[in-house]
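The primary structure of each chain is shown beneath.
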Amino acid sequence: FAKSDYNGDGSADIIDLDFLIKYIARGGQAPSGGAGRSDANCDGTINIADVVYYMNFLFGSAFPPCY
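Here we summarise the structure given alongside this text. (Residues numbered from 1 in each chain as written. Predicted model: local features only at pLDDT ≥ 70, side-chain atom pairs only at ≥ 80, totals over all residues. Heavy atoms only, no water.)

Things to note about the side chain of D39
Step number 1: Within the secondary structure, D39 is located in the loop between α1 (14-26) and α2 (48-58).
Step number 2: Despite being buried, D39 has no salt bridge partner; R37 is the closest side chain of opposite charge, sitting 11 Å away.
Step number 3: Polar contacts involving the side chain of D39 include one to the main-chain amide nitrogen of D43, which spans 3.3 Å.
Step number 4: When neighbours within four sequence positions are excluded, D39 is seen to be in contact with G44, T45, I46, D50, C66 and Y67. (Helix = DSSP H or I, 4+ residues; strand = E, 2+ residues; numbered from the N terminus. Buried < 20%, exposed > 50% of the residue type's maximum accessible area, 1.4 Å probe, protein only. Lys, Arg positive; Asp, Glu negative; His and termini not counted. Salt bridge = Lys/Arg side-chain N within 4 Å of Asp/Glu carboxyl O. Polar contact = N/O pair within 3.5 Å; in protein donor to acceptor, adjacent residues only side chain to side chain. Contact = heavy atoms within 4.5 Å.)

Shown next as structure tokens:
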């Protein structure tokens, strides 16, 4: 599975951000490759901080998610 590609379509984009928000905030489908990949900032906890990290990644101020 590609880093930062949560929906498995082969690219990292705003659709993946929406996918991550739905998973974390609303109990949606887990990312391709398993729920653990949602820990974008690698702090050991899956929460809204991972959404913020992913947003920062998409807009150029953070490294790619660790998973």
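Some thoughts on the packing of aromatic side chains
Step number 1: Scanning the model with the defined rule gives 2 aromatic pairs in all.
Step number 2: Plain terms: the ring middles of Y6 and Y54 are 5.2 Å apart, the flat faces sit at 55 degrees to each other, and that makes the pair tilted. Note that Y6 is positioned in the segment before α1 and Y54 in helix α2, a separation of 48 residues in sequence. Grouping residues by exposure puts Y6 and Y54 together as buried. (Phe/Tyr/Trp six-rings, centres within 6.5 Å; stacked < 30°, edge-to-face > 60°.)

Side note on a nonpolar patch on the surface
Step number 1: On the surface, I14, I15, M55 and F59 cluster together into a nonpolar patch covering about 420 Å² of accessible area.
Step number 2: Relative to the elements of secondary structure, M55 occurs in helix α2. (Patch = residues over 30% accessible without salt bridge, like charges linked within 9 Å, V, L, I, M, F, W, Y side chains within 5 Å. Areas by Shrake-Rupley, 256 points an atom, 1.4 Å probe, with all protein chains shown as cover.)

Quick word on the pattern of salt bridges
Side chains that carry opposite charge are capable of pairing whenever their charged atoms lie near each other.
Step number 1: As enumerated under the stated definition, the model contains 1 salt bridge in all.
Step number 2: For K22, the salt bridge is made with D18, and the minimal N-O distance between the two is 3.1 Å. Of this pair, K22 and D18 both sit in helix α1, 4 residues apart, which is roughly one turn of the helix.

Re the packing of α1 against α2
Step number 1: Orientation of α1 relative to α2, taken along the N-to-C sense of each, is 175 degrees, at an axis distance of 10 Å. By the angle between their directions, the pair α1 and α2 is classed as roughly antiparallel. In contact with I14, D16, L17, L20, I21 and I24 of α1, α2 contributes I48, D50, V51, Y54, M55 and L58.
Step number 2: For the contact of α1 with α2, the class distribution of residues is 10 nonpolar, no polar and 2 charged. (Axes fitted to C-alpha atoms, helices over the stretch in contact; angles between N-to-C directions. Parallel < 35°, antiparallel > 145°, perpendicular 65-115°, else oblique. Nonpolar A, V, L, I, M, F, W, Y, C, P; charged D, E, K, R; others polar.)

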